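Understanding the architecture of this molecule
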Amino acid sequence: MAATAVRYLRSVGAATTAAPGAPGGTPPEALPRPDLRAVRDDERLPVDPDEFRRVLGHFASGVTVITARDADGPAGFACQSFASLSLDPPLVSFMVARTSTTWPRIARAGAFCVNILGSEQGTLCRGFAVSGADKFAGVAYEDAPATGSPLLDSVPAWIDCRVHAVHTGGDHLIVVGRVEALGATDEGEPLLFHRGTFGRFSR
C-alpha cells in the first residue's frame, strides 16, 4: 500500500522524497497512473449503479469541506465520505473520486484541513460541490495553524492534517491524513446528508 501511495503522489507531482538540494534529495519522476478498475470493460457490474446509490443513500452522514493550498491558491471540495480512523497515531480518512480536479492540488500540497459543516451551512456546501467554479468567492477563512490550509469561518469543528497515505478503492482514492491540529466550538448542530438532501440532527 505504501508503494501505491508513493506512485500516485509522484504521478501528480507531489514530493515523496527530500526536496532537491536537501541531503539525499532527488526530484521524483512522474509515473503514469495505474489502471485501477475493479470491473473489466466487458464485465457486467454486479449491481445496478442507480440502485447502489439509492440504497447507500439511506446511510446518513455528516458533511465536510476538504481544503488545501497549493502554488495556485486555495482549493477545496465538499465531501461526505470523511471518517475518523485511528487514535494512536491520530489518523482520519476521506474518499475522493479519481476524476476529481481538486484532489491533485491537495496531493501536491501534501496537507489538508477538514472543515466540518454546521446545520446552517448547506449553501456553503453547495458552493464547494460545484466543479470548475470559484469556490472561495465571498468565503471567509484563515490559515489552519499547522499546515496553512484554509480554515473556513464559523465551522463547528476542524481537523488540520498532512497526507499520510493514499490507497486505491475502485473508482475512488482513500486518503489517510495524520492529524496535526484540531479544534471545535462545541456549539450548534451538524449538517447531515441523507437520500440526496440536507437535513438536521434532532436530539
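Everything that follows concerns the structure shown earlier in this document.
Residues numbered from 1 in each chain as written. Predicted model: local features only at pLDDT ≥ 70, side-chain atom pairs only at ≥ 80, totals over all residues. Heavy atoms only, no water.

Remarks on the sheet that holds strand 5 (residues 91–97)
In a beta sheet, neighbouring strands are held together by backbone hydrogen bonds and run either parallel or antiparallel to one another. Using the following cut-off: The pairing criterion is simple: DSSP has to find at least two bridges between the two strands. Helix and strand definitions here come from DSSP, where helices need a minimum of 4 consecutive H or I residues and strands a minimum of 2 consecutive E residues; each element is numbered from the N-terminal end. Axes here mean lines fitted to C-alpha atoms, for a helix over just the part in contact, with angles spanning 0 to 180 degrees between N-to-C directions.
As summarised here, the arrangement of the seven strands in space is 3-2-6-9-10-5-4, forming an open sheet in which the pairing is antiparallel. One side of each edge strand has no neighbouring strand; the edge strands of this open sheet are strand 3 (73–79) and strand 4 (82–86). Across the sheet, the axes of successive neighbouring strands diverge by a mean angle of 35°, strand direction being ignored. Direction of pairing for strand 2 (residues 64–70) relative to strand 3: antiparallel, over a ladder of seven bridges. Considered in strand 3, the bridge of Arg 69 is made with Pro 74.

Notes on the nonpolar core
In plain terms, the rule: Residues belong to a common nonpolar core when they are buried Ala, Val, Leu, Ile, Met, Phe, Trp, Tyr or Cys residues joined through side-chain atoms within 4.5 Å. Here's how the labels work: a residue is buried when its accessible area is under 20% of the maximum for its type, exposed when over 50%, partly exposed in between, all with a 1.4 Å probe on protein chains only. Note on contacts: a residue pair qualifies if any of its non-hydrogen atoms lie within 4.5 Å across the two residues.
One finds Ile 66, Phe 77, Phe 94, Val 96, Trp 103, Ile 106 and Phe 112 to be the most contacted residues of the largest nonpolar core, which totals 19 residues. A per-element tally of this core places strand 9 (residues 157–169) first, with four residues. Apart from residues no more than four positions distant in its own chain, Ile 66 is found in contact with Ala 75, Gly 76, Phe 77, Cys 79, Phe 94, Ile 106, Phe 112, Cys 113 and Val 114. In terms of nonpolar packing, the next biggest core, distinct from the first, is built from 16 residues, Val 65, Leu 151, Val 155 and Leu 191 among them.

As for the pattern of salt bridges
As a reminder of what qualifies: Take a side-chain nitrogen of Lys or Arg and a carboxyl oxygen of Asp or Glu: if they are within 4 Å of each other, that pair is a salt bridge.
In this structure the tally under the stated criterion is six salt bridges. The salt bridge partner of Arg 54 is Glu 51, with a shortest N-O separation of 3.0 Å. With Arg 54 and Glu 51 both in helix 2 (residues 49–56), this residue pair falls three residues apart, about one helical turn. Its relative accessible area of 48% is what places Arg 54 among the partly exposed residues. The partner of Arg 108 in a salt bridge is Asp 70, with the nearest N and O atoms 3.9 Å apart. Highlighted residues: Arg 108 in helix 3 (residues 103–109) and Asp 70 in strand 2, separated in sequence by 38 residues. Three or more residues are tied together by salt bridges with common partners; here these are Asp 70, Arg 105 and Arg 108.

Remarks on the environment of Arg 53
For Arg 53, the position within the fold is in helix 2. Of the residues examined, Arg 53 reaches a relative accessible area of 57% and is grouped as exposed. Residues Arg 53 and Gly 196, spaced 143 residues apart in sequence, show a C-alpha to C-alpha distance of 9.4 Å.

Considering the layout of surface pockets
The test is simple: For each structure, a 1 Å grid was placed over the protein atoms alone; sets of points admitting a 1.4 Å probe that cannot get out are labelled cavities, open sets with protein on both sides within 12 Å along at least five of seven lines are labelled pockets, and lining residues have an atom within 4 Å of a point. Grid points are joined across faces, edges and corners, and a volume is the space filled by probe spheres set on the points.
Put simply, the second largest pocket is a space of about 310 Å³. When residues in the lining of the second largest pocket are grouped by element, the largest group, five residues, is from strand 3.

Let's talk about unusual backbone geometry
Cis geometry is found at the peptide bond from Asp 88 to Pro 89, where omega equals 5°. Relative to the assigned elements, Pro 89 resides in the loop between strand 4 and strand 5. Located in the positive-phi region is Ser 154, a residue other than glycine, with phi close to 70°. In this structure, Asp 186 takes a positive phi of about 60° despite not being glycine. On the secondary structure map, Asp 186 appears in the loop between strand 10 (172–184) and strand 11 (191–194).

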